[in-house]
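A look at the structure
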Amino acid sequence: MFKQQRFAEDINDYRFIPYIQLHEYEAYLFADPTCFEYLDASRTKEIEALQAIANQYDTPELINDGQQTAPSKRIIAQFPDYGRAKSAFGPQLAERIGLEVIRSRCPHFNTWLSRLESLNHS
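Overview of the structure. (Residues numbered from 1 in each chain as written. Predicted model: local features only at pLDDT ≥ 70, side-chain atom pairs only at ≥ 80, totals over all residues. Heavy atoms only, no water.)

1. A look at the overall build of the protein
- Scanning the protein from N- to C-terminus turns up 7 helices and 0 strands.
- Put simply, the protein runs from its N terminus to its C terminus through helices and strands in the order α-α-α-α-α-α-α.
- By residue count, 33% of the 122 residues in the protein fall in the buried class.
- The contacts of the protein with a sequence gap of at least 6 include a subset with a gap of at least 24, amounting to 64%.
- Accessible surface for the protein amounts to roughly 7700 Å². Of this, 51% is attributable to carbon and sulfur atoms. (Helix = DSSP H or I, 4+ residues; strand = E, 2+ residues; numbered from the N terminus. Buried < 20%, exposed > 50% of the residue type's maximum accessible area, 1.4 Å probe, protein only. Contact = heavy atoms within 4.5 Å. Areas by Shrake-Rupley, 256 points an atom, 1.4 Å probe, with all protein chains shown as cover.)

2. Let's talk about the packing of helix α2 (residues 44–55) against helix α3 (residues 71–78)
- Viewed as axis vectors pointing N to C, α2 and α3 meet at an angle of 155 degrees, and their least axial separation amounts to 9 Å. Judged on the interaxial angle alone, α3 and α2 are roughly antiparallel. At the point where α2 passes α3, the crossing takes the right-handed sense. Contacts from Glu-46, Ala-49, Leu-50 and Ile-53 of α2 reach α3 at Arg-74, Ile-75 and Gln-78.
- For the contact of α2 with α3, the per-class residue count stands at 4 nonpolar, 1 polar and 2 charged. (Axes fitted to C-alpha atoms, helices over the stretch in contact; angles between N-to-C directions. Parallel < 35°, antiparallel > 145°, perpendicular 65-115°, else oblique. Left-handed = near helix turned anticlockwise from the far one by under 90°. Nonpolar A, V, L, I, M, F, W, Y, C, P; charged D, E, K, R; others polar.)

3. Here we look at helix α7 (residues 107–118)
- End to end, α7 covers 16 Å across 12 residues, agreeing with the expected 16 Å (1.5 Å per residue, within 8%).
- Every buried residue belonging to α7 is among His-108, Phe-109 and Leu-113, and all of these are buried. Projected down its long axis, α7 shows its buried positions confined to an angular sector of 130 degrees, all on one face. (Expected span 1.5 Å × (residues − 1). Arc of directions from axis to C-beta.)

4. With respect to the packing of aromatic side chains
- Summed over all chains, the structure comprises 6 aromatic pairs.
- Look at Tyr-25 and Tyr-28: their rings are 6.1 Å apart centre to centre, the planes differ by 85 degrees, and that puts the pair in the edge-to-face class.
- What links up through ring pairs into an aromatic cluster is the set Tyr-25, Tyr-28, Phe-109 and Trp-112.
- Directly above the ring of Phe-79 sits Arg-43, whose terminal nitrogen or CZ lies 4.7 Å from the centroid. (Phe/Tyr/Trp six-rings, centres within 6.5 Å; stacked < 30°, edge-to-face > 60°. Lys NZ or Arg CZ within 6 Å of the ring centre and 35° of its normal.)

5. Side note on the nonpolar core
- Among the nonpolar cores identified, the biggest contains 22 residues, and Leu-29, Phe-30, Phe-36, Leu-50, Ile-75, Tyr-82 and Ile-102 are the most heavily contacted of them.
- Of all the secondary structure elements, the ones that give two or more residues to this core are α2, α5 (86–97) and α7.
- Per-element accounting of this core gives the leading share, 4 residues, to α2. (Core = buried A, V, L, I, M, F, W, Y, C linked by side-chain atoms within 4.5 Å.)

6. Considerations on the environment of Glu-24
- Position of Glu-24 relative to the elements: it lies in the loop between α1 (2–11) and α2.
- Given the relative accessible area of 25%, Glu-24 is considered partly exposed.
- Linking Glu-24 and Ile-63, residues 39 residues apart in sequence, is a C-alpha distance of 9.4 Å.
- Only 2.3 Å separates the side chain of Glu-24 from the backbone nitrogen of Ser-72, close enough to count as a polar contact. (Polar contact = N/O pair within 3.5 Å; in protein donor to acceptor, adjacent residues only side chain to side chain.)

Written as structure tokens, this is what we have:
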């Protein structure tokens, strides 16, 4: 959050509302790993493995201990096909999870969206 504040100060324009995501997009998919049933419902062990990873963190936004443990790498380890079509699968999986669930599990993202939404009421 500190980097976002510094970024906003550097730009110095009230219209600029920065959002710096801690890690890659795939972290949001850990908000509900059961979404991977969409890719292959028979892969229950793989889905359970992703759920176990998600359960280790307070928020999916923190899942990333290094280059080899980035969210996408963890997903690809369980679902190799995801790596070949993540630009197609990622949005489909996020849609299955739903914005409200992602927001409820990802407070940093939710705070930013709430700030944007509040602009409509100003």
